[in-house]
Each structure stands twice: as structure tokens, then as C-alpha cells.
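# Tertiary structure, described
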Amino acid sequence: MSLIDKIDHAKVLKLTDQIPLDEDQVNSRTLVQRDDLSMTLFSIATDQEIGGHSAQGDAMVNVLSGIAEVTIEGTVYRLTAGQSIVIPKDARHSLYAVEGFQMLLVVVKPA
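Scoring rules and cut-offs
- Residues numbered from 1 in each chain as written.
- Predicted model: local features only at pLDDT ≥ 70, side-chain atom pairs only at ≥ 80, totals over all residues.
- Heavy atoms only, no water.
- Helix = DSSP H or I, 4+ residues; strand = E, 2+ residues; numbered from the N terminus.
- Contact = heavy atoms within 4.5 Å.
- Salt bridge = Lys/Arg side-chain N within 4 Å of Asp/Glu carboxyl O.
- Buried < 20%, exposed > 50% of the residue type's maximum accessible area, 1.4 Å probe, protein only.

## Looking at the environment of isoleucine 85
With respect to the helices and strands, the residue isoleucine 85 is situated in strand β6 (residues 84-87). Each C-alpha atom, one on isoleucine 85 and one on aspartate 35, is 22 Å from the other, the two residues being 50 residues apart in sequence. Those residues in contact with isoleucine 85 that lie beyond four places of it in its chain are Ala59, Met60, Val61, Val70, Ile72, Tyr77 and Leu79.

Quick look at the structure:
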């Protein structure tokens, strides 16, 4: 039984190849969805955003390509490829694509 069942196993992968970065779009691809854990690939085109919201767990944003602005409780953080930030549980946040970007989002919720 595979626990990460929406992506190939025992194969070297480039995560940026697993989610298209389309013009004027936000795309997502769920890799794991459980009550206590989710892993999702996102791509957000230049000048697109995911508006303000909160999550019921700690959310780790891992930027794979491009430039993202992550706003957490009113503070703006600029992240580039290879950088990550953890958004605390229940914190209001949003994401904006300064330059189209791809990310792996991991959300860990209380069991």
C-alpha cells in the first residue's frame, strides 16, 4: 500500500515537472490528503494570487521556482527557489506571484 500514492515511487523526479506553470492560472496537484497531513504541488502564474485564508495546521511553503510573496498576519516575506517558510496554524495568510512560481505545500494538522 502506497501512502504517497499520486506520484511515482522509486523514480528520481523533478517536482517542477509534476505541475505545469500556466499563464494566468493557479494549478494544484494533491499528492497526499489525510486528516492530519496534506502535500500539494501548486503553480501560480505571474500576478496571480491565493487570497487571504487560514489553515487548521502548520503550513510549510517550499518554493521550487520563481518568486513568491507570502503575507502572514500582515507581514510580507519574499521567497525564491529553494527557500521555505512555515505559516503557523490559524494565521491569516496569502500568496502572490511576483514571478510565476511553483511550490510544494505541506500542511500538518493535529491528530
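## Description of the pattern of salt bridges
Within the structure shown, the criterion is met by 5 salt bridges. One salt bridge in this structure joins aspartate 36 and arginine 34, with 3.2 Å as the shortest N-O distance. Taking the relative accessible area as the measure of exposure, arginine 34 reaches 38% and is therefore partly exposed. In this structure, the salt-bridge partner of aspartate 90 is lysine 89, at a minimum N-O distance of 2.8 Å.

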